[in-house]
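Survey of secondary and tertiary structure
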Amino acid sequence: MTTVTGVSRAGRGRAWGSVPEELSARVPAEQRGPGRDRDSVRLLVSRGTEVSHHAFVELPGRLRAGDLLIVNTSATLAAAVDGRIGHARVVVHFSTRGDDGRWAVELRDPDSRGTTRARAGGPAGTVVRLPGDARLVLEEPLAPRGRRLWWGRVPGADVLGLLRRYGRPIRYSYTDRDQPLSVYQTVFALPSDDGAGSAEMPSAARPFTSRLVAELVSRGVQFAPVTLHTGVASAESHEPPYPERYEVPAVSARLINAARAGGGRIIAVGTTAVRAVESATGEDGLVRAAKGWTGLVVTPERGVRAVDGLLTGLHEPEASHLLMLEAIAGGAAIERAYEEALRGRYLWHEFGDVHLILPERPHSERYSRNSTSE
């Protein structure tokens with residue numbers, strides 16, 4: 001293990017710069033050599049501006065009895081389906097199912113590498129022919145000024161059944177090849193009663209194995225499941241997240257509140273887990289059972305109320321998720337961690353390495369600071 005301490009330039013200018021293309025994780029960790037598993041990734045640990053380098057299998061040693069991990073149980077859907085507009089080939093990414101039966105979708109152009117390029121959506125009334133004689137009809141943009149995601153209907157078709165039969169996992173150009181859906185499921189994924197799930201994997205949890213979970217439990221680390229069905233990320237434009245469906249069960253709310261009362265640290269596994277639990281947390285800092293839609297965007301100005309730390313992947317400098325990281329750790333700490341990740345040649349994206357952000361101060365001090373800024 002090596003440890004680096006220092007202070008970087010603070011603020012949101014992303015002083016650490018762009019990510020070299022060669023630092024994209026192109027295949028899952030278990031496919032990079034014999035004897036490797038999902039947990040064969042690296043772990044960057046930061047506490048304030050102090051940064052240390054580890055293997056992910058060392059995670060149990062970075063946590064302590066009484067700590068609690070919030071995990072997202074949403075399963076990943078085979079959300080990419082081939083289609084045609086007239087004679088032109090397109091790929092439809094099914095993002096989010098609305099309460100009225102419509103789906104938020106993104107249309108993309110296929111490229112020569114088996115992946116896709118960005119494409120403007122619309123106009124209203126556009127018909128996309130799908131496999132099995134199904135038709136997708138675009139109705140209106142998801143956001144008034146947005147053009148990427150559109151609401152659309154597939155009349156007379158079971159979209160989830162269509163995805164199961166004809167869909168494949170969403171894949172971006174930095175990956176080498178298509179992967180089976182099982183590669184995009186985390187150890188925490190559970191089927192939902194209505195078949196809903198995430199368009200893209202809640203990837204911070206991907207390195208966990210059943211063996212590692214058992215070790216954490218044996219050391220007194222607790223787990224609280226929540227659900228947030230993630231929509232399609234804006235791979236090129238890095239937009240803030242749109243409203244997504246979530247649930248924080250009553251038992252998880254009780255576990256989180258009890259762990260806090262007992263002095264444990266509340267660590268979210270992934271930005272999706274942060275969004276879910278913070279949506280269910282009152283101004284008093286208590287988590288309560290909640291479900292529905294959340295449009296919450298966690299920023300440094302808003303702060304966090306329930307979460308002390310975060311285990312997450314590495315995000316590009318334009319990514320809106322970095323505002324959430326700064327809300328938890330502060331701008332100087334995130335700048336320092338990312339400078340070290342670049343220097344250490346960590347790997348980015350859903351098959352890449354992970355970053356554990358631990359708190360410098362007790363939650364009571366941090367919550368007091370955040371609550372007075374509102």
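In case you missed it, the structure is sitting above this.
Residues numbered from 1 in each chain as written. Predicted model: local features only at pLDDT ≥ 70, side-chain atom pairs only at ≥ 80, totals over all residues. Heavy atoms only, no water.

1. As for unusual backbone geometry
Note on backbone geometry: most residues besides glycine have negative phi, and most peptide bonds are trans. Cis geometry is found at the peptide bond from Gly122 to Pro123, where omega equals 0°. Assignment of secondary structure puts Pro123 in the loop between strand 8 (116-118) and strand 9 (127-130). Backbone geometry places His349, a non-glycine residue, at a positive phi of 80°. Here His349 is to be found in the loop between helix 7 (331-343) and strand 17 (354-358). (Helix = DSSP H or I, 4+ residues; strand = E, 2+ residues; numbered from the N terminus.)

2. Here we look at the packing of aromatic side chains
Each aromatic ring pair is summarised here by two numbers: the centre-to-centre distance and the angle between the ring planes. One pass over the full model with this rule turns up seven aromatic pairs. Seen in terms of ring centroids, Tyr184 and Phe351 are 5.5 Å apart; in terms of plane orientation they differ by 50°. Their pairing is tilted. Remark: Phe351 occurs in the loop between helix 7 and strand 17 and Tyr184 occurs in the loop between helix 2 (159-166) and helix 3 (210-218); sequence separation between them is 167 residues. This pair shows no difference in class: Tyr184 is buried, exactly as Phe351 is. Site record: aromatic cluster; members linked through ring pairs are Phe56, Phe188, Phe208 and Phe223. Between the NZ or CZ atom of Arg42 and the centre of the ring of Tyr346, over which it lies, the distance is 3.9 Å. (Phe/Tyr/Trp six-rings, centres within 6.5 Å; stacked < 30°, edge-to-face > 60°. Buried < 20%, exposed > 50% of the residue type's maximum accessible area, 1.4 Å probe, protein only. Lys NZ or Arg CZ within 6 Å of the ring centre and 35° of its normal.)

3. A short note on the packing of helix 5 (residues 271-279) against helix 6 (residues 321-329)
At a minimum axis distance of 11 Å, the contact between helix 5 and helix 6 shows a crossing angle of 65°. One finds that helix 5 runs roughly perpendicular with respect to helix 6. Read as a crossing pair, helix 5 and helix 6 show a hand that is left-handed. Two secondary-structure elements touch here, helix 5 through Thr271, Val274 and Arg275 and helix 6 through His321, Met324, Leu325 and Ile328. (Axes fitted to C-alpha atoms, helices over the stretch in contact; angles between N-to-C directions. Parallel < 35°, antiparallel > 145°, perpendicular 65-115°, else oblique. Left-handed = near helix turned anticlockwise from the far one by under 90°. Contact = heavy atoms within 4.5 Å.)

4. Examining the side chain of Thr116
Here Thr116 is to be found in strand 8. According to the relative accessible area criterion, Thr116 is buried, its value standing at 10%. At 2.7 Å, the side chain of Thr116 and the side chain of Arg108 are in polar contact. (Polar contact = N/O pair within 3.5 Å; in protein donor to acceptor, adjacent residues only side chain to side chain.)

5. A closer look at the environment of Glu200
Topologically, Glu200 is positioned in the loop between helix 2 and helix 3. Along the chain, Glu200 and Gln185 lie 15 residues apart, while their C-alpha atoms are 9.6 Å from each other. Beyond its immediate stretch of four places on either side in the chain, Glu200 contacts Thr76, Ile170, Tyr172, Thr230, Gly231, Val232 and Ala233.

6. Notes on the side chain of Gln179
Structurally, Gln179 can be placed in the loop between helix 2 and helix 3. A polar atom in the side chain of Gln179 sits 2.8 Å from the side chain of Gln31. In contact with Gln179, not counting residues within four places along its chain, are Pro28, Gln31, Pro169, Tyr184 and Phe351.

7. Remarks on the environment of Arg97
Structurally, Arg97 can be placed in strand 6 (residues 88-97). Here Arg97 falls in the partly exposed class, since its relative accessible area comes to 26%. For the pair Arg97 and Ala124, spaced 27 residues apart in the sequence, the C-alpha separation amounts to 18 Å. Each residue touching Arg97, except ones within four places of it in the same chain, is listed here: Arg102, Trp103, Leu160, Asp194, Ala196, Arg245 and Trp293. At 3.1 Å, the side chain of Arg97 and the side chain of Asp194 are in polar contact.

8. Points about the nonpolar core
Membership of the largest hydrophobic core comes to 40 residues, with the highest contact counts inside it found for Ile70, Ile256, Val274, Val287, Ile328, Tyr338 and Trp348. Counting residues per element, the ones that place at least two in this core are strand 4 (68-72), strand 12 (222-228), strand 13 (244-248), helix 4 (250-261), strand 14 (266-269), helix 5, helix 6 and helix 7. Within the second largest apolar cluster, 27 residues are counted, among which are Trp103, Trp150, Leu163 and Ala199. (Core = buried A, V, L, I, M, F, W, Y, C linked by side-chain atoms within 4.5 Å.)

9. Looking at the pattern of salt bridges
Charged atoms that come close allow side chains of opposite charge to pair. What the rule picks out here adds up to 25 salt bridges. Here Arg102 and Asp100 are joined by a salt bridge, their closest N and O atoms 2.9 Å apart. Exposure remark for Arg102: the relative accessible area of 11% places this residue in the buried category. A salt bridge links Arg219 to Glu215; its shortest N-O distance comes to 3.3 Å. Taking relative accessible area as the criterion, Arg219 reaches 44% and is therefore assigned partly exposed. Judged by its relative accessible area of 31%, Glu215 is partly exposed. (Salt bridge = Lys/Arg side-chain N within 4 Å of Asp/Glu carboxyl O.)

10. Examining the packing of helix 6 against helix 7
Direction vectors running N to C along helix 6 and helix 7 enclose 115°, while the axes themselves pass 7 Å from each other. Contacts from Leu322, Leu325, Glu326 and Ala329 in helix 6 reach Gly331, Ala333, Ile334 and Tyr338 in helix 7. Class assignment for the residues of the contact of helix 6 with helix 7 results in six nonpolar, one polar and one charged. (Nonpolar A, V, L, I, M, F, W, Y, C, P; charged D, E, K, R; others polar.)

11. Some remarks on the pairing of strand 9
Burial along strand 9 is one-sided: the residues Val128 and Leu130 are buried and none of Val127 and Arg129 is. Between strand 9 and strand 10 (residues 134-141), which pair antiparallel in sequence order, lie three residues; one of them, Gly132, sits at a positive phi of approximately 70°. (Pairing = 2+ DSSP bridges.)

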